[in-house]
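Overview (structure and organization)
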Amino acid sequence: MAPRLDFSNWWGKDTRKGTPVVVTMENPNFSVVEIDGPDAAFRPVEKSRGKNAKQVTWVLLLKANRAIGCVSWLATALWALLGAIKRRLIHRQGVTLASEKLGKGKLLFRIIRAFLVTALAILAFEVFAYFQGWHYFKNPSLHIPRTSELRGFFHMAYVAWLTFRADYIAPPIQALSNFCVVLFLIQSVDRMILCLGCLWIKYKKIKPRIEGDPFKSDDVEGSGNYPMVLVQIPMCNEREVYEQSISAVCQLDWPKDRLLVQVLDDSDDETIQWLIEAEVAKWSQRGINIIYRHRLVRTGYKAGNLKSAMSCDYVMSYEFVAIFDADFQPNPDFLKLTVPHFKGNPELGLVQARWAFVNKDENLLTRLQNINLCFHFEVEQQVNGVFINFFGFNGTAGVWRIKALEESGGWLERTTVEDMDIAIRAHLNGWKFIFLNDVKALCEVPESYEAYRKQQHRWHSGPMQLFRLCLPAIITSKLGSSYEWVVTKKAGRSSESDLLAAAERESRTINQPQFSRGASESELCELNQIKEQKEASRDPVKKINKIYRKELALAFLLLTASVRSLLSAQGVHFYFLLFQGVTFLLVGLDLIGEQMS
């Protein structure tokens, strides 16, 4: 057996030989270290013994320098933020708004500002009470002292505020919170049912189908089975997008003798009127049945415009009407994919196509809108269309049976959401709807927060007004700023493939024989000259972010509430309020719509 060479006992013996060595340095910048054994270098050294007074001073100075740098950075950031707010407020003063709208905005801003001032005052009082030790939230049970136990006026006021808050403020807030929880549960159940329905549609591959060849005919010209279709393009001061929308509609693949295009221009700018009229005259000379209509009295906004167009005598000769907003660019086969669904289905009143966005990747705001609207089309409208044959008309990219519009009362000017209004009345009259998820029409989503806010205001306030108007009809039926129309600003974007295809189709159309309809050559040349002069004189508009005071006031109110929540040691509420406050701060400074690639 090999011998064991174990030196651990020998090494662990405390054998100190010789005298300890003491090294002393006369320079005060170095410390004194005592070596009294072979393992002295491996023993922990006290922190206080390794530093002298000068080193401690340098460490303190370094920490103070870092603290001063952090404070100066925060001060610089706050000063820059205040400067940006001041500049944008001055820029906003030059924007002219309607007196009524400005008055309502000022009133709302004053209310929000009053709440903000009150919240800041209460927060200051809460901070003072917190540092004075007047908080009673450490124990599970809240103890409010009696009057005899009070010391000082501020202490008494703080306890009175706690009592008032517990007796009068907490109960309604708790009731409102419970109501919101109930609404959230209802919405969650609705969303879950819709998602299950969407999965079932995907699993069973359910979608509306066209039986046979609906356009097959013995007619030599091949237009015998093509119904008469009227296409309407309502617009108002749409300088950026009128040309591409008219071009896309005029290139629809449909017999020319069975198609009529109505350009319904409600523009109040004469220059834009001339440009649109010149574009209509250009396509009219190429053999397209296209009519330019302009109302002298602009009443009822889009609903009034559509109602005026439907009152023409020649509309009686048409069976269907397709509606496209000014920023929509339908594909040439749009009518051939939608109109055949009406054949053999006399109860069908509407065929709705899906939207596709050419600027969905422009910034963070457009990407969020794309996600929201894709859920609206893919889940909500598709499921409702398959299972109950009803959904809200989107106002564009849809084909109506004219008989369904007439029997439902036509377009009414009582609300700014005329699309939802006509859909509800048509559904109450027994008409069915079909949603085509695989048929898409290109369009735009708002790229700036200002345009998005105006659009959402109309979309959300209009239905509440419509609900009050349609509630009696809904109850009595056999089925189970909202007063002002604001045009959503467009950028006039098109996808690259669509531009190339449109250029190819246009060049093919130019080589065909030209026909003069409704305008002489001299008038057309004059209008083209006006168009070229106006386009040449236009200066590029520089985008300037503006301040939104209401959103900014709400941001500071939420941030104030988050600070109050932090003092109360409410972690979850603090993070939620902080996130909401920062979001409104970005929106108020119009930073959410900037480029965030």
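Residues numbered from 1 in each chain as written. Predicted model: local features only at pLDDT ≥ 70, side-chain atom pairs only at ≥ 80, totals over all residues. Heavy atoms only, no water.

- Looking at an unreviewed UniProt entry, one finds the chain named Glycosyltransferase 2-like domain-containing protein and attributed to Carya illinoinensis.
- Per UniProt, the comment on the chain under Subcellular location (unreviewed entry) is "Golgi apparatus membrane".
- Taken verbatim from the UniProt record of the chain, the Sequence similarities (unreviewed entry) comment is "Belongs to the glycosyltransferase 2 family. Plant cellulose synthase-like C subfamily." (UniProt positions renumbered as here; feature names shortened; annotations may be inferred.)

1. Focus on the overall build of the chain
- When helices and strands are tallied, the chain shows 16 helices and nine strands.
- Counting the 597 residues in the chain, one finds 38% classified as buried.
- Entry remark: accessible area of the chain is about 37,000 Å², with carbon and sulfur atoms responsible for 61%. (Helix = DSSP H or I, 4+ residues; strand = E, 2+ residues; numbered from the N terminus. Buried < 20%, exposed > 50% of the residue type's maximum accessible area, 1.4 Å probe, protein only. Areas by Shrake-Rupley, 256 points an atom, 1.4 Å probe, with all protein chains shown as cover.)

2. Examining the packing of helix α5 (residues 242-250) against helix α6 (residues 270-285)
- Two elements in contact, α5 and α6, have axes whose closest approach is 10 Å; the angle formed by their N-to-C orientations is 20°. Between α5 and α6, the angle falls in the class roughly parallel. By crossing handedness, the relation of α5 to α6 is classed as right-handed. Contact residues: α5 offers Tyr242, Glu243, Ile246, Ser247 and Cys250, while α6 offers Leu275, Ile276, Glu279, Val280, Lys282 and Trp283.
- Among the residues forming the contact of α5 with α6, the class breakdown is seven nonpolar, one polar and three charged. (Axes fitted to C-alpha atoms, helices over the stretch in contact; angles between N-to-C directions. Parallel < 35°, antiparallel > 145°, perpendicular 65-115°, else oblique. Left-handed = near helix turned anticlockwise from the far one by under 90°. Contact = heavy atoms within 4.5 Å. Nonpolar A, V, L, I, M, F, W, Y, C, P; charged D, E, K, R; others polar.)

3. Concerning the pattern of salt bridges
- Applying the stated criterion across every chain yields a total of 15 salt bridges.
- Where Arg191 meets Asp190, a salt bridge forms, and the shortest distance between an N and an O atom there is 2.9 Å.
- In this structure, Arg191 engages Glu380 in a salt bridge whose closest nitrogen and oxygen atoms are separated by 3.3 Å. Taken together, the residues Arg191 in helix α4 (residues 153-204) and Glu380 in helix α9 (residues 364-387) connect sequence positions 189 residues apart.
- You can call Arg191 partly exposed: its relative accessible area is 27%. (Salt bridge = Lys/Arg side-chain N within 4 Å of Asp/Glu carboxyl O.)

4. Brief notes about the sheet that holds strand β3 (residues 229-235)
- The seven strands are arranged β5-β4-β3-β6-β8-β7-β9 in an open sheet whose pairing can be described as mixed. The two strands at the open ends of the sheet, each matched to only one other strand, are β5 (290-294) and β9 (432-443). Shown here is a sheet whose adjacent strand axes are inclined to one another by a mean of 20°, direction ignored.
- One ladder, built from nine bridges, connects strand β7 (residues 348-357) with β9; its direction is parallel. Its bridge partner lying in β9, Phe357 is registered against Cys443.
- Its contacts with the sheet place α5 against β3, β4 (259-265) and β5, and it is angled at close to 175° to β3. (Pairing = 2+ DSSP bridges.)

5. Thoughts on the nonpolar core
- Residues Val231, Ile246, Ile290, Leu335, Trp400 and Phe433 are the most contacted members of the largest nonpolar core, which totals 77 residues.
- The element that contributes the greatest number of residues to this core is β9, accounting for seven residues.
- Counting five residues, the second-largest nonpolar core is a separate cluster that includes Leu194, Ile201, Val379 and Val383. (Core = buried A, V, L, I, M, F, W, Y, C linked by side-chain atoms within 4.5 Å.)

6. Things to note about helix α7 (residues 301-310)
- With eight of 10 residues buried, α7 is to be regarded as a mostly interior element.
- Listing the buried residues of α7 in full gives Lys302, Ala303, Gly304, Asn305, Leu306, Ser308, Ala309 and Met310.
- Looking at the packing, one finds that the buried side of α7 touches β3, β4, β5, β6 (320-323), α10 (402-407) and α11 (418-428).

7. Some points on α5
- With respect to burial, α5 is a largely interior element, eight of its nine residues being buried.
- Residues of α5 that are buried include every one of Tyr242, Gln244, Ser245, Ile246, Ser247, Ala248, Val249 and Cys250, and no others.

8. Some words on the packing of α9 against helix α12 (residues 449-476)
- Remark: α9 packs on α12, axes separated minimally by 11 Å, with the N-to-C direction vectors making an angle of 25°. Relative to α12, the element α9 lies roughly parallel. α9 and α12 meet at a crossing whose hand is left-handed. Residues Leu365, Gln369 and Leu373 of α9 lie in contact with α12, whose contacting residues are Tyr449, Tyr452, Gln455 and Trp459.
- Split by residue class, the contact of α9 with α12 holds five nonpolar, two polar and no charged.

9. Observations regarding the side chain of Ser247
- In this structure, Ser247 sits in helix α5.
- At 2.8 Å, the side chain of Ser247 forms a polar contact with the side chain of Gln251. (Polar contact = N/O pair within 3.5 Å; in protein donor to acceptor, adjacent residues only side chain to side chain.)

10. A look at the packing of aromatic side chains
- In this structure the tally under the stated criterion is 14 aromatic pairs.
- Relative to Phe435, the ring of Phe391 has its centre 5.9 Å away and its plane inclined at 80°; by these criteria the two rings are edge-to-face. In this pair, Phe391 is assigned in the loop between α9 and β8 (398-401) and Phe435 in strand β9, connecting sequence segments 44 residues apart.
- Summarising the aromatic geometry, the rings of Phe393 and Trp400 are spaced 5.5 Å apart at their centres and angled 85° between planes, so their arrangement reads as edge-to-face. Of the two residues, Phe393 and Trp400, neither departs from the other in class, the shared state being buried.
- Between Arg286 and the ring centre of Trp283, over which it is positioned, the NZ or CZ distance is 4.7 Å. (Phe/Tyr/Trp six-rings, centres within 6.5 Å; stacked < 30°, edge-to-face > 60°. Lys NZ or Arg CZ within 6 Å of the ring centre and 35° of its normal.)

11. Quick word on the environment of Lys202
- Take Lys202: it is sitting in helix α4.
- If near-sequence neighbours (up to four positions away) are discounted, Lys202 is found in contact with Glu378 and Asn437.

12. As for unusual backbone geometry
- Its identity as a non-glycine residue notwithstanding, Asn237 has a phi of 55°, on the positive side.
- Looking at where Asn237 falls in the secondary structure, it is placed in the loop between β3 and α5.
- A positive phi angle, near 60°, is found at Ala397, a position not held by glycine.
- Examined against the element boundaries, Ala397 turns out to sit in the loop between α9 and β8.
- Ala397 gets classed as buried once you look at its relative accessible area, which sits at 0%.

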